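Now for the letters of each chain:
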Amino acid sequence: GYDKVNVEMALTESRLPLIGGLVQRLRAALHELVLFYVNRLAARQVRFNEQTARALTTLVRDLEAEVRDLRARLAELEANQG
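Figured I'd write up the structure that's included with this text. Since this is a predicted model, take the numbers as computed values, not measurements.

## Some points on the overall build of the protein chain
The helix and strand inventory of the protein chain stands at one helix and zero strands. Taking 2.2 N^0.38 as the reference for a compact globule, 82 residues should give roughly 12 Å; the C-alpha atoms of the protein chain span a radius of gyration of 28 Å, well beyond that estimate.

## Focus: the environment of phenylalanine 36
Inspection of the secondary structure puts phenylalanine 36 in helix H1 (residues 20–81). Residue phenylalanine 36 is classed as partly exposed on the basis of its relative accessible area of 44%. Between the C-alpha atom of phenylalanine 36 and that of glutamate 8, which follows or precedes it by 28 residues, the distance is 10.0 Å.

## Comments concerning the side chain of glutamine 24
Of note, glutamine 24 is situated in helix H1. Judged by relative accessible area, which is 18%, glutamine 24 ranks as buried.

## Description of H1
Given a rise of 1.5 Å per residue, 62 residues ought to cover 92 Å, and the 88 Å separating the end C-alpha atoms of H1 matches this to within 8%. Considered for burial, the residues of H1 that qualify are Gly20, Gln24, Ala28, Leu35, Asn39, Ala42 and Val46.

The rules behind these values
- Residues numbered from 1 in each chain as written.
- Predicted model: local features only at pLDDT ≥ 70, side-chain atom pairs only at ≥ 80, totals over all residues.
- Heavy atoms only, no water.
- Helix = DSSP H or I, 4+ residues; strand = E, 2+ residues; numbered from the N terminus.
- Rg over C-alpha atoms; globule rule 2.2 N^0.38 Å.
- Buried < 20%, exposed > 50% of the residue type's maximum accessible area, 1.4 Å probe, protein only.
- Expected span 1.5 Å × (residues − 1).

Following this line, the structure appears as structure tokens:
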């Protein structure tokens, strides 16, 4: 679920008697504009998170391989001394 970021519109009713409909349409339009940009930024953040996770996974694999190699070398050195 970390890569499913989408903000939905949550707009309350306007209770103004005469201009309530106009205010509601204006608020809805502004909310949609904000949501457009928020969702664009969220999508960029998801892409960044995916790339960061891939880079970290690669680094961890490389470090694990290096640790295995160093342990093997250490075991060999200890065997040769004993």
